Structure formats: C-alpha cells, structure tokens
Amino acid sequence: MAGAITHEGPAVAEGRRSGPLIVTEDAELLDDLLRLCAAAGARPEVHPGVPEHRGSWEAAPLVLVGDDAVRRVRGAVRRRGVVLVGRDQDDSGVWRRAVEIGAEHVLVLPDGEQWLVDRIADVAEGVGRPALTVGVIGGRGGAGASTLACALAVTSAREGRRTLLVDADPLGGGLDVLLGGETSAGLRWPAFAASRGRVGGGALEESLPELHALRVLSWDRGDTVAVPPPAVRAVLAAARRRGGAVVVDLPRRVDEGVAEVLAQLDVGVLVIPAELRAVAAARRVASAVGMVLADLRVAVRGPYGPGLGDHEVARLLGLPLVGEVPAETPPPDGSVPPGGAARGPLARFCSAFWERALAEAGD
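Description of the structure in this document. (Residues numbered from 1 in each chain as written. Predicted model: local features only at pLDDT ≥ 70, side-chain atom pairs only at ≥ 80, totals over all residues. Heavy atoms only, no water.)

1. Considering the overall build of the protein chain
Item 1. Looking only at helices and strands, the protein chain has 13 helices and 14 strands in total.
Item 2. The principal-axis extents of the C-alpha atoms in the protein chain amount to approximately 80 × 40 × 35 Å.
Item 3. In the protein chain, which comprises 363 residues, the share counted as buried stands at 51%.
Item 4. For the protein chain, contacts bridging at least 24 residues in sequence account for 71% of all contacts bridging at least 6.
Item 5. With an accessible surface of roughly 16700 Å², the protein chain has 51% of that area assigned to carbon and sulfur atoms.
Item 6. Taking the average location of the 40 positive side-chain charges in the protein chain and that of its 47 negative ones, the two points are 4 Å from each other. (Helix = DSSP H or I, 4+ residues; strand = E, 2+ residues; numbered from the N terminus. Buried < 20%, exposed > 50% of the residue type's maximum accessible area, 1.4 Å probe, protein only. Contact = heavy atoms within 4.5 Å. Areas by Shrake-Rupley, 256 points an atom, 1.4 Å probe, with all protein chains shown as cover. Lys, Arg positive; Asp, Glu negative; His and termini not counted. Charge placed at Lys NZ, Arg CZ, Asp CG, Glu CD.)

Rendered as structure tokens:
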C-alpha cells in the first residue's frame with residue numbers, strides 16, 4: 001500500500017471535521033479501523049508509515065498506529081494523541097513498543113472498540129468544554145419550574161450561546177407546547193428510545209425542532225411516557241458534548257432515567273413558592289435529588305406567606321439561594337415565550353443567573 005487514501009462511507013456528512021491519521025499496512029487491521037471510523041462518523045487519512053508531508057503527522061487530531069508499523073514511525077516527532085493498536089491479547093512486548101513511539105494508549109481489538117469509537121467521535125465533533133448543564137425542578141406541583149426552564153433557555157440563546165432545552169418530564173404537557181412549537185418539525189424523545197452507547201452530538205442537534213433560536217427535545221403526543229435509562233444517558237451526553245448551555249426541565253420524582261440526568265448536571269435549581277406547605281414538600285424533593293446531585297440551589301416565588309422571605313425559605317431547606325423569581329404575565333396570544341421579553345424582569349433574572357453560573361464555571 002503506497003501513498004495516502006481517505007475513506008468516506010455513505011453516511012459522511014458534508015463539511016465534517018477531519019478524522020484520525022491511520023498508520024498501518026495490515027489489511028485486516030485497516031478494515032477494522034475504517035469500520036470504527038465510519039461508526040464514529042469520521043473520515044480518516046491512511047498511510048503505511050509516517051507521511052512524507054510531516055504536517056499530516058503533527059497536525060492530525062488523533063494518530064492510530066498499527067502494531068505492524070512501529071518500526072516505520074519510530075523516528076517520528078513525539079506528539080500527543082498517539083494510540084498503538086494491536087490484536088494479540090497476550091503480547092507483553094506491545095507496551096515496550098508503545099514507549100518507543102511515545103504512544104499515550106495501547107489498544108487491543110476487539111475489546112477496546114467502544115473506547116476507540118468514542119475517542120474518534122470526539123475528534124470528528126471537535127469536542128471542547130462540555131455545556132454548562134442546569135436542571136430545574138419544582139418543589140411542589142405548579143411551582144413554575146417549566147416556565148423558569150424555558151426562560152433560562154430562551155435567555156441563553158438570546159445572549160448568543162448554543163442552547164438546548166431538554167424536557168425530562170413526560171407528564172408535563174411538553175415544553176414545545178409552552179414555547180408555541182408543538183407542530184414544529186423534528187424528533188421527540190420516543191425517537192431516541194433505542195439509543196445506546198454514543199449518539200452524535202451534531203446529528204442530535206440537527207434532528208430537533210428549533211424554536212426561538214434554541215433546540216428543544218420534548219415529548220410527542222403519543223402514549224410513550226418513559227425512555228430507557230441508557231438512552232437518556234446517551235442523549236444527554238451527546239447534548240453536553242456540543243458545548244454552550246443545556247437546560248433540563250425535571251419531574252419531581254427520581255427514577256432511574258431522572259437519576260441519569262441528575263448525574264450529568266452541573267447545577268440544579270429547586271423552584272418553590274414561599275408557602276409552608278410548599279417548603280415541606282420541597283424538603284422531600286431536595287432530599288431525593290441531593291442523593292445524586294451535589295449542587296442544588298433554591299429559587300423562590302412570591303407572594304410570600306406570613307414570616308417567610310426568600311432567605312428564610314432557603315434557610316429552612318438548607319440550600320443556597322439563587323434569588324426571587326419575578327412574576328411575569330405573558331401576552332394572551334402566547335406570541336412571546338417565557339423570558340422572551342429581553343427587558344422584562346424574568347429575562348433579567350435569567351441573565352443574572354447565567355452570568356453568575358458561567359463565572360463560577362470559569363467561562
């Protein structure tokens with residue numbers, strides 16, 4: 001095999017980022033690596049040894065060196081992101097050869113296939129910092145969690161961040177309805193029920209309805225009210241890999257699917273009216289959520305009951321206070337979504353929240 005080839009299967013998307021550099025003359029190993037690249041949605045460059053144009057070796061986001069090619073790359077410039085790929089599970093010498101070429105990882109097929117697909121997919125998608133992911137949950141029914149979740153997402157999108165709003169409450173009526181987009185084209189949760197392993201972040205985003213400059217993953221009007229936990233894990237991980245902000249509207253129960261979401265949140269916001277009964281209900285919700293999510297905060301809605309203020313509610317719950325969520329009357333025709341009025345009190349509250357959250361995250 002001489003020269004360089006590029007492999008592009010039928011599923012390659014136009015304008016996709018370059019994939020890894022593959023260095024091998026082992027035809028069987030090459031077939032496997034090309035198959036894994038196709039599964040990850042990447043287009044590799046293939047050479048039998050170090051490319052004559054040294055820029056290809058140094059600039060490739062990932063280099064997969066077949067065990068047969070170790071001698072041919074031994075004198076190459078040391079760099080990060082080199083993986084030595086072999087097939088012999090019992091070959092102890094593979095680690096010595098990895099040191100000789102400065103490989104960061106040793107991978108033996110077929111056992112390491114899923115790890116390698118994930119790594120190649122990261123390269124293809126150009127993964128950077130994951131999205132700041134915020135979950136919103138009501139302390140009791142009718143607390144206004146869905147409204148706040150929509151307002152946070154709408155505000156984030158208006159401020160120029162890539163934003164995805166996830167409806168994790170199948171019994172909540174649908175966030176696409178709240179945003180006036182129930183008839184918008186795009187996939188809903190049931191379409192992802194069979195998802196496992198790695199879901200492409202770009203493909204996920206492009207498949208969802210776009211409403212008010214953000215993408216929305218909601219429920220359809222069918223009978224499906226649950227998605228298997230592995231699918232929830234895969235979809236939310238894909239949403240986070242694209243960066244920006246992800247806002248999740250959570251139900252008040254914590255089942256296996258919700259636990260998968262909670263495990264990927266950076267911050268949780270518990271929305272609660274300033275009433276003693278609501279505080280009692282919210283304490284149970286906070287206890288259940290706090291078993292999975294370390295950073296849970298409280299946002300308080302008025303009007304306030306006797307002797308209750310936002311700081312007192314936070315003290316009773318033992319949670320940090322986000323602030324008081326202002327009331328905002330939407331227009332009767334539903335033309336403006338929650339937080340859609342840029343100078344409205346709810347939008348200002350959301351802007352202040354994002355400013356603090358992003359500062360804490362180091363953005």
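Text resumes after the structure shown.
2. Some details on helix α4 (residues 94-101)
Item 1. Among all positions of α4, only Val94, Arg97, Ala98 and Ile101 are buried. An end-on view of α4 places all buried positions within 105 degrees of arc, on one side of the element. Set apart from the buried face of α4 by more than 90 degrees, the exposed residues are Trp95 and Val99.
Item 2. Packing partners of the buried residues in α4 comprise β4 (63-66), α3 (70-73), β5 (82-86) and β6 (105-108). (Arc of directions from axis to C-beta.)

3. A look at the layout of surface pockets
It is the rolling of a water-molecule-sized probe over the atoms that shows where space remains empty.
Item 1. Here the second largest pocket is characterised by a volume of approximately 210 Å³.
Item 2. Together, 15 residues line the second largest pocket, and Val227, Val232, Asp255, Gly257 and Val258 are the ones closest to its centre.
Item 3. Within the residue set of the lining of the second largest pocket, elements represented by two or more residues are α9 (229-241) and α10 (256-262).
Item 4. When its residues are assigned to classes, the lining of the second largest pocket shows 12 nonpolar, one polar and two charged. (1 Å grid on protein atoms, 1.4 Å probe; cavity = no way out; pocket = protein on both sides within 12 Å on 5 of 7 lines; lining within 4 Å. Points joined across faces, edges and corners; volume = space filled by probe spheres on them. Nonpolar A, V, L, I, M, F, W, Y, C, P; charged D, E, K, R; others polar.)

4. Here we look at the side chain of Thr24
Item 1. Note on placement: Thr24 falls in the loop between β2 (18-23) and α1 (27-40).
Item 2. What makes Thr24 buried here is its relative accessible area of 0%.
Item 3. In this structure the side chain of Thr24 is engaged in a polar contact, spanning 3.0 Å, whose partner is the backbone nitrogen of Asp26. (Polar contact = N/O pair within 3.5 Å; in protein donor to acceptor, adjacent residues only side chain to side chain.)

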